[in-house]
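Take a look at the letters that make up each chain.
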Protein chains: 2
Amino acid sequence: MEIKNVTVAGGGVLGSQIAFQSAYSGYNVTIWLRSEGSIGRCKPKIDYLRETYLKTLDAMKTDPRAYAYGLMAQEDVTPESCEAAKAKVEAAYKNLKLTTDWDEAFGDADFVIEAVAESVEQKVAFYEELAKHLPEKTLVVTNSSTLLPSQFAEATGRPAKYGALHFANEIWSHPTAEVMRHAGTSDETFETTIAFASSIRMIPLRVNKEQPGYLLNSMLVPFLNAAEALWANEVGDPIDIDRAWTLGTGAPAGPFRILDIVGLTTAYNIGIMDPRSKDPSTVQYRIVSRLKEKIDKGELGLNAGKGFYDYGKK
Amino acid sequence: MEIKNVTVAGGGVLGSQIAFQSAYSGYNVTIWLRSEGSIGRCKPKIDYLRETYLKTLDAMKTDPRAYAYGLMAQEDVTPESCEAAKAKVEAAYKNLKLTTDWDEAFGDADFVIEAVAESVEQKVAFYEELAKHLPEKTLVVTNSSTLLPSQFAEATGRPAKYGALHFANEIWSHPTAEVMRHAGTSDETFETTIAFASSIRMIPLRVNKEQPGYLLNSMLVPFLNAAEALWANEVGDPIDIDRAWTLGTGAPAGPFRILDIVGLTTAYNIGIMDPRSKDPSTVQYRIVSRLKEKIDKGELGLNAGKGFYDYGKK
């Protein structure tokens, strides 16, 4: 099927990025928002994205390190092509529609990307209302990081035309698109979603079965947990553990550097989801206890100026 | 304590590298070998190391990518200093002693690095005989990757003067030295081992408690296992899983690229150590079964020309 009209439901950090990148790639894009208040909060995000895309394209004219995959193919970068791409940014900015009206947003949508709050209740309510406004043709995907599409397939009323499409933050320069099917997703929906991801200059990664955490987090979580266990058991300190990883694998960052970027609060919230974290005899308990100590001291990670490393006062 | 005389027990791949690097760093180094046959097998390894060190130093004169941390500090690299270091290589090669004589090897040793076969029986027998020939002053460390120093502390007859010092392969360019104590290792032994590691231009990483796998493998094994589970459960294919990791973390290699380097036989041998690998209902079983299929086809990894990736016929 041909996709022309894309609607993103939700205008948060990711929702606005997905919408802007899709508009930059030539789709007719609408952002559906729950309220006028949400529209007010979304607009500055779109302004910021316009500015970021324009600045990045200007920087790309002379600085190879500024290259962002989502903006164009590396071999196409020239001062002229960057200047031309800036016109695409302005067109995207001008054409992007924001609305709270269900029929306006969804009545003729070909592809809907749901990026509403990570709450089962809110998503179910959204999908049930959505079903009343969508034409039969429309494919729907969720960008949820932590919830599974099978939890919502029935609520959409179109399980075969429903799946997941998961983005990383700052999608113009981190172009992974994990495309995941649930048991009822049709091949056509899966393949169309993969093609759509490519068409907005993302690198699609096929997740052929439902998997909590998709591909990346399915590896990142046990890896970070193993590193946290070494620290919580006082086997090694974060600097040495990171060095073991970077020297041993050539990676640019070790687990504690990654935890500082992810944020210790997120690490703590993932940790307490493990029931063993309630039992003082386990290493999971020691991990969340030591994370909590650091959080209580305000050592939340890179954004706070201090986490496992000291980044200087913010 | 001052270390002058270093004896490496065992002349395998790692033993010969540790001995050569220690001799290059100015120590009086002896390699103890079990038999004349072992001496015959060790000598070509030493010849190869001499050649490799000389070639690397020549390359370093003009090519920054040739830099090897173990040979000198990066800021000291000049054509003249590289030429001067070649004299150190020749001196190391000339002075290195190989012997099967216990008293000659150990009678005045300050520091012994045990790098004999990874067998509990062989190591116990070695340590019991060693104890009869060592002066009281000598510190002893094991380079074992998979066995723990507490398993041998008693057999050495000097538990407080015993610990572990674990190297990576090609130590002149992969300079990690994981220094691990068992519960009875004295502070002095631990700190002296760390200082010794630094003195042969390794980067010492402190492992403050006994930990199977030290720091690096304690993270690498669960990380690789998580990736293997995604593959064995048919959630994703190796290429997409690797891409998720390299795009998501900036690492130069994903888990299946690393498995190809490590070798699938090693991955399989680690896999079957897990008792769940015997139970067909588990993912561990599926992982070792699928590894076995590839091994049976000769797809053993990089060295075989094919593993998860195709490297062209060897």
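As annotated in an unreviewed UniProt entry, chain A carries the name 3-hydroxyacyl-CoA dehydrogenase and comes from Olsenella absiana.

**Q** I'd love a proper account of the sheet that holds strand E1 (residues 5-9) of chain B, names of residues and values included.
**A** Residue and element names in this part refer to chain B. On the basis of which strands lie adjacent, the open sheet formed by eight strands has the order E3-E2-E1-E4-E5-E6-E7-E8 and mixed pairing. In the strand order of this sheet, the two ends are held by strand E3 (97-99) and strand E8 (203-207), each with one partner. Taken over all neighbouring pairs, the strand axes of this sheet differ in orientation by 25° on average, direction set aside. Pairing of strand E4 (residues 111-114) with strand E5 (residues 139-142), which is carried by four bridges, proceeds in the parallel orientation.

**Q** Could you give an account of the UniProt feature "domain: 3-hydroxyacyl-CoA dehydrogenase NAD binding" (unreviewed entry) in chain A, with specific residues and numbers?
**A** Sites flagged by UniProt as "domain: 3-hydroxyacyl-CoA dehydrogenase NAD binding" (unreviewed entry) map to residues 5-209 of chain A. The annotated region residues 5-209 of chain A carries 43% helix and 18% strand content, and the separation between its end C-alpha atoms amounts to 28 Å.

**Q** Could you give an account of helix H9 (residues 238-249) of chain B, with specific residues and numbers?
**A** Taking 1.5 Å of rise per residue, the twelve residues of H9 of chain B would be expected to cover 16 Å, and the 16 Å separating its terminal C-alpha atoms lies within 8% of that figure. Those residues of H9 of chain B that fall on the buried side of the exposure criterion are Pro238, Asp240, Ile241, Asp242, Ala244, Trp245 and Thr249 of chain B.

**Q** Explain the UniProt feature "domain: 3-hydroxyacyl-CoA dehydrogenase C-terminal" (unreviewed entry) in chain A to me, using residue names and the numbers behind them.
**A** Here the UniProt-annotated "domain: 3-hydroxyacyl-CoA dehydrogenase C-terminal" (unreviewed entry) positions come out as residues 213-311 of chain A. Within residues 213-311 of chain A, the helical portion is 61% and the strand portion 0%, while the C-alpha atoms at the span's ends are 29 Å from each other.

**Q** Could you give an account of helix H8 (residues 216-232) of chain A, naming the residues involved and the relevant values?
**A** Residues and elements named next belong to chain A. In this model, H8 (17 residues) spans 24 Å end to end at C-alpha, consistent with the 24 Å of a helix rising 1.5 Å per residue. Burial runs high along H8: 13 of the 17 residues are buried. Note on H8: the residue one or two positions beyond its end, Glu234, has a positive phi of about 60°.

Each value, and the rule that gives it
Residues numbered from 1 in each chain as written. Chains lettered and ligands numbered in written order. Predicted model: local features only at pLDDT ≥ 70, side-chain atom pairs only at ≥ 80, totals over all residues. Heavy atoms only, no water. Pairing = 2+ DSSP bridges. Helix = DSSP H or I, 4+ residues; strand = E, 2+ residues; numbered from the N terminus. Axes fitted to C-alpha atoms, helices over the stretch in contact; angles between N-to-C directions. UniProt positions renumbered as here; feature names shortened; annotations may be inferred. Expected span 1.5 Å × (residues − 1). Buried < 20%, exposed > 50% of the residue type's maximum accessible area, 1.4 Å probe, protein only.

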